[in-house]
Amino acid sequence: MVGAAALLVILSCRTTPMRVIHTVQAGETVYRIARYYGVGLDTVIRANRVRDVTNVAVGQKLWIPQARKPPASRPIPLEVSWSRRVSHDVSARPETDLAFAWPVRGRISSGFGRRRGRHHDGIDIPARRGTWIRAAEAGRVIHVGAVGDYGKVVIIKHSGVFKTVYAHNRVNRVRKGAFVEKGDVIAEVGATGNARGSHLHFELRRGARAQDPLLYLR
Ligand SMILES: [Zn+2]
């Protein structure tokens with residue numbers, strides 16, 4: 001059902017904001033698509049009744065109300081939020097070849113960014129106690145243990161400057177120094193440390209800086 005290239009239809013006029021139908025391309029995420037068009041993630045979710053942002057199919061058509069850009073003619077690349085020059089060049093190369101997978105499937109109860117006057121360095125994904133937490137990408141386990149508010153935590157170092165952090169775990173199931181493949185079970189969801197209800201707190205760090213994981217997860 002995917003047409004040649006990105007088949008994108010402008011439904012109304014060319015003045016902004018415009019209404020656009022976007023056909024999901026391989027590697028795109030709802031979050032990235034929303035960012036590209038300059039609309040809120042919630043807007044896209046509501047307009048399309050998306051139940052699970054982690055599960056949109058290639059070829060699926062998404063209605064983008066209030067789009068600030070005409071339809072993308074190529075797959076929307078990962079756009080780097082920390083970059084000074086925010087690239088709108090859709091042919092720009094992604095910053096990394098790593099493809100991070102969701103460590104636990106589910107909705108996000110708390111996103112990255114400002115939260116109650118503080119900065120939330122990751123995303124929270126509620127899940128039942130004992131749900132398997134999987135490595136988002138291959139790498140080497142550089143920390144396993146308990147760290148204050150994080151409770152039981154696993155940190156994986158990936159190629160380049162990326163690290164992922166998995167916190168509030170009930171049990172950690174890897175040893176420090178181990179090499180893990182993407183998708184390997186590394187821990188179980190819990191509520192250790194400062195956690196209200198069992199959930200995974202997941203961070204993605206580039207060097208020391210926390211990044212919004214939604215920019216990378218696919
Ligand atoms: Zn959190």
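Residues numbered from 1 in each chain as written. Predicted model: local features only at pLDDT ≥ 70, side-chain atom pairs only at ≥ 80, totals over all residues.

1. Description of the overall build of the protein chain
Part 1: Per the secondary structure count, the protein chain includes 2 helices and 15 strands.
Part 2: Put simply, the protein chain has 218 residues, and 33% of those count as buried. (Helix = DSSP H or I, 4+ residues; strand = E, 2+ residues; numbered from the N terminus. Buried ≥ 20, exposed ≤ 12 C-beta atoms within 10 Å, placed from the backbone.)

2. Topic: the sheet that holds strand E13 (residues 185-188)
Part 1: Sheet architecture is open: 3 strands sit in the order E7-E13-E11, paired in antiparallel fashion. Among the strands making up the open sheet, the edge pair consists of strand E7 (132-134) and strand E11 (171-172).
Part 2: Where E11 lies against E13, 2 bridges are found, and the strand directions are antiparallel. Of the residues in E13, the one forming a bridge with Asn-172 is Ala-187. (Pairing = 2+ DSSP bridges.)

3. Focus on the nonpolar core
Part 1: Counting residues in each nonpolar core, the largest one holds 46 residues, and the members touching the most others are Ile-33, Tyr-37, Val-154, Tyr-166 and Leu-200.
Part 2: Contributing elements (two or more residues each) for this core: helix H1 (30-37), strand E3 (61-67), strand E6 (123-126), strand E8 (139-146), strand E9 (152-157), strand E10 (162-169), E13 and strand E14 (199-206).
Part 3: For this core, the element with the highest residue contribution is H1, accounting for 6 residues.
Part 4: Two domains share this core, each providing at least three of its residues, namely domain 1 (9-67) and domain 2 (113-215).
Part 5: Aside from chain neighbours lying at most four places away, what touches Tyr-37 is Val-20, Ile-64, Ala-67, Arg-68 and Lys-69. (Core = buried A, V, L, I, M, F, W, Y, C linked by C-beta atoms within 7 Å. Domains from an automatic or database assignment. Contact = placed C-beta atoms within 7 Å.)

4. Remarks on the confidence of the model for the protein chain
Part 1: Of all residues in the protein chain, 82% attain a pLDDT of 70 or more, and the chain-wide mean is 82.
Part 2: Segment residues 80-94 is flagged for pLDDT under 50; beyond a separation of four residues in sequence, or across chains, it makes 18 contacts in the model. (pLDDT = per-residue confidence, 0-100.)

5. Structural notes on the packing of H1 against helix H2 (residues 41-48)
Part 1: Where H1 meets H2, the axes come as close as 8 Å, and the angle between the chain directions of the two elements is 110 degrees. Between H1 and H2, the angle is such that the two are roughly perpendicular. As H1 runs across H2, the sense of the crossing is right-handed. Along its contact with H1, which presents Val-30, Tyr-31, Ile-33 and Ala-34, the element H2 presents Leu-41, Val-44 and Ile-45.
Part 2: Of the residues assigned to the contact of H1 with H2, the class counts are 7 nonpolar, no polar and no charged. (Axes fitted to C-alpha atoms, helices over the stretch in contact; angles between N-to-C directions. Parallel < 35°, antiparallel > 145°, perpendicular 65-115°, else oblique. Left-handed = near helix turned anticlockwise from the far one by under 90°. Nonpolar A, V, L, I, M, F, W, Y, C, P; charged D, E, K, R; others polar.)

6. Looking at the environment of Leu-41
Part 1: Mapped onto the fold, Leu-41 is located in helix H2.
Part 2: A residue is classified by how many C-beta atoms lie within 10 Å of it, and Leu-41, with 19 of them, is partly exposed.
Part 3: Along the primary structure Leu-41 and Tyr-31 are separated by 10 residues, whereas in three dimensions their C-alpha atoms are 5.8 Å apart.
Part 4: Discounting residues that sit within four places of it in the chain, Leu-41 has contacts with Val-30, Tyr-31 and Ala-34.

7. Some points on unusual backbone geometry
Part 1: Even without being a glycine, Arg-49 presents a positive backbone phi close to 50 degrees.
Part 2: Its place among the elements puts Arg-49 in the loop between H2 and E3.
Part 3: The backbone of His-168 sits at a positive phi, close to 70 degrees, despite the residue not being glycine.
Part 4: Here His-168 shows up in strand E10.
Part 5: Since 26 C-beta atoms lie within 10 Å of it, His-168 is described here as buried.

8. Some words on H1
Part 1: Burial within H1 is extensive, with 8 of its 8 residues counted as buried.
Part 2: Every buried residue belonging to H1 is among Val-30, Tyr-31, Arg-32, Ile-33, Ala-34, Arg-35, Tyr-36 and Tyr-37, and all of these are buried.
Part 3: Looking at the buried positions of H1, the neighbouring elements they touch are strand E2 (18-23), H2 and E3.
Part 4: Residue Gly-38 follows H1 closely and has a positive phi angle near 70 degrees.

9. What about the pairing of E13?
Part 1: As judged from the 3 bridges shared by E7 and E13, these two strands associate in the antiparallel manner. The residue bridging Trp-132 from the neighbouring strand is Glu-188, located in E13.

10. Quick look at the environment of Asp-42
Part 1: By the secondary structure assignment, Asp-42 is in helix H2.
Part 2: Accessibility expressed as a C-beta count within 10 Å gives 9 for Asp-42, which makes it exposed.
Part 3: Residues Asp-42 and Val-30 lie 12 residues apart in sequence; the distance between their C-alpha atoms is 9.9 Å.

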